[in-house]
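# Examining the three-dimensional arrangement
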Amino acid sequence: MSKLRVLAIPSDKHGVGKYRILDPYKFIAENYSEDFHIDLAFDVPNDDASFQDYDIVIFHTFIHKTNHADNINRILWLKSKGIKVIMDIDDLWYVDQRHPMYHHIRTSGIPEMKVEMLKLVDHVTTTTSIFAETLNKKIGIKNIEIFPNAVNEDEPQFK
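Residues numbered from 1 in each chain as written. Predicted model: local features only at pLDDT ≥ 70, side-chain atom pairs only at ≥ 80, totals over all residues. Heavy atoms only, no water.

Glancing now at the overall build of the protein chain. Scanning the protein chain from N- to C-terminus turns up five helices and six strands. Of the regular secondary structure in the protein chain, the N- to C-terminal order runs β-α-β-β-α-β-α-α-β-α-β. Rg of the C-alpha trace for the protein chain: 16 Å, near the compact-globule value of 15 Å for 159 residues, within the 12% margin. In terms of principal-axis extent, the alpha carbons of the protein chain reach across some 50 × 45 × 30 Å. By the burial criterion, 40% of the 159 residues in the protein chain qualify as buried. The contacts in the protein chain between residues at least 6 apart in sequence include a share of 63% that link residues at least 24 apart. Accessible surface, the protein chain: about 9300 Å² in total, of which carbon and sulfur atoms supply 53%. Side-chain charges of the protein chain comprise 19 positive and 24 negative groups, with the mean position of each set lying 5 Å from the other. (Helix = DSSP H or I, 4+ residues; strand = E, 2+ residues; numbered from the N terminus. Rg over C-alpha atoms; globule rule 2.2 N^0.38 Å. Buried < 20%, exposed > 50% of the residue type's maximum accessible area, 1.4 Å probe, protein only. Contact = heavy atoms within 4.5 Å. Areas by Shrake-Rupley, 256 points an atom, 1.4 Å probe, with all protein chains shown as cover. Lys, Arg positive; Asp, Glu negative; His and termini not counted. Charge placed at Lys NZ, Arg CZ, Asp CG, Glu CD.)

Written as C-alpha cells, this is what we have:
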C-alpha cells in the first residue's frame, strides 16, 4: 500500500495551530511514516500545483490567507480532483455579545463563512463529542471525527 500524502495547514505556530495541527501531524509523521507522508505549510500559494501531490488537505480556519472566496474555490477545486478536504474546528463559529469582538465578528460575516466551509468539506475534526453533537444539531454536520487536543504534558508550560 502506498503512503497517504497529507498537507496539513495550521492557522498559526502556537495555540490552536500548535495543538490542533502542528503537534498531531508531526506525531503522525514521526510514528506512522510507513503509512503517511505529512507536509506542514503555513502559507500555501494559491496555485493548483501546490496541491496536486496530496491525497488529503487538512486545515484549521483557512487554506489561503487571502479571502473567503479563494478558500471556497480551493475547496471546490480539491474536491474536483478527488483530494479529500478536512476542516478542523475547536470552538464555536459564532460569539455572543459578551465577546470583546462581538460587533466586528457579527458584521464581518465570519460565522457564516465558517459554516459555509464546514458544510462544503468532506470531513470535520473537532475536540469533543459534545462539540461534535453541537455541530450536528446546529448546522447539520454529520461527517465529524473526534480528534482531541494534542497536549504534551512534558512541555515546560504544563509542569
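Having seen it, we continue.
Next up on the list: the nonpolar core. Counting residues in each nonpolar core, the largest one holds 30 residues, and the members touching the most others are Phe-59 and Leu-135. Contributions of two or more residues to this core are made by β1 (4-9), β3 (56-60), α2 (68-80), β4 (84-88), α4 (110-120) and α5 (129-139). Those residues in contact with Phe-59, other than ones at most four positions away along the chain, are Ile-9, Ile-21, Ile-75, Val-85, Ile-86, Met-87, Asp-88, Met-117 and Val-121. Listed in part, the nine residues of the second largest apolar core include Ala-8, Ile-21, Ile-28 and Ile-38. (Core = buried A, V, L, I, M, F, W, Y, C linked by side-chain atoms within 4.5 Å.)

What follows is about α4. Among the residues making up α4, those that are buried are Pro-111, Val-115, Met-117, Leu-118 and Leu-120. At its buried positions, α4 is contacted by β3, α2, β4, α3 (102-108), β5 (123-126) and α5.

One pass over the structure, following the stated rule, counts four aromatic pairs. For the pair Trp-93 and Tyr-94, a centre-to-centre distance of 5.3 Å together with 75 degrees between the ring planes defines the contact as edge-to-face. A relative accessible area of 30% places Tyr-94 in the partly exposed class. Judged by centre distance (6.4 Å) and plane angle (35 degrees), the ring pair of Trp-93 and Phe-131 falls under tilted. Within this pair, whereas Trp-93 is found in the loop between β4 and α3, its partner Phe-131 is found in helix α5, the two being separated by 38 residues in sequence. Using a relative accessible area of 7% as the deciding quantity, one classes Trp-93 as buried. What links up through ring pairs into an aromatic cluster is the set Trp-93, Tyr-94 and Phe-131. (Phe/Tyr/Trp six-rings, centres within 6.5 Å; stacked < 30°, edge-to-face > 60°.)

Attention now goes to the sheet that holds β3. Adjacent strands of a sheet pair through backbone hydrogen bonds, lying either parallel or antiparallel. With respect to topology, six strands assemble into an open sheet ordered β2-β1-β3-β4-β5-β6, the strand pairing being parallel. Of all the strands in the sheet, the pair left with one neighbour each is β2 (36-40) and β6 (144-146). The average undirected angle you get between the axes of adjacent strands in this sheet is 25 degrees. In this sheet, β6 lies alongside β5 in parallel orientation, the contact comprising three bridges. Paired with Thr-125 across the strands is Glu-145, a residue of β6. Lying over the sheet, helix α1 (residues 16-31) contacts β1, β2, β3, β4 and β5, oriented at roughly 145 degrees with respect to β2. (Pairing = 2+ DSSP bridges. Axes fitted to C-alpha atoms, helices over the stretch in contact; angles between N-to-C directions.)

Of the strand pairs in this sheet, β1 and β2 are connected by five bridges, and their pairing is parallel. Bridge assignment links Val-6 to a residue of β2, and that residue is Ile-38. Chirality of the crossover, the property in question, places the unit of β1, α1 and β2 among those that are right-handed. Two elements, β1 and β3, share four bridges in a ladder whose sense is parallel. Looking at β3, one finds that Ile-9 is bridged to Phe-59. (Right-handed = clockwise from strand over helix to strand, strands pointing away.)

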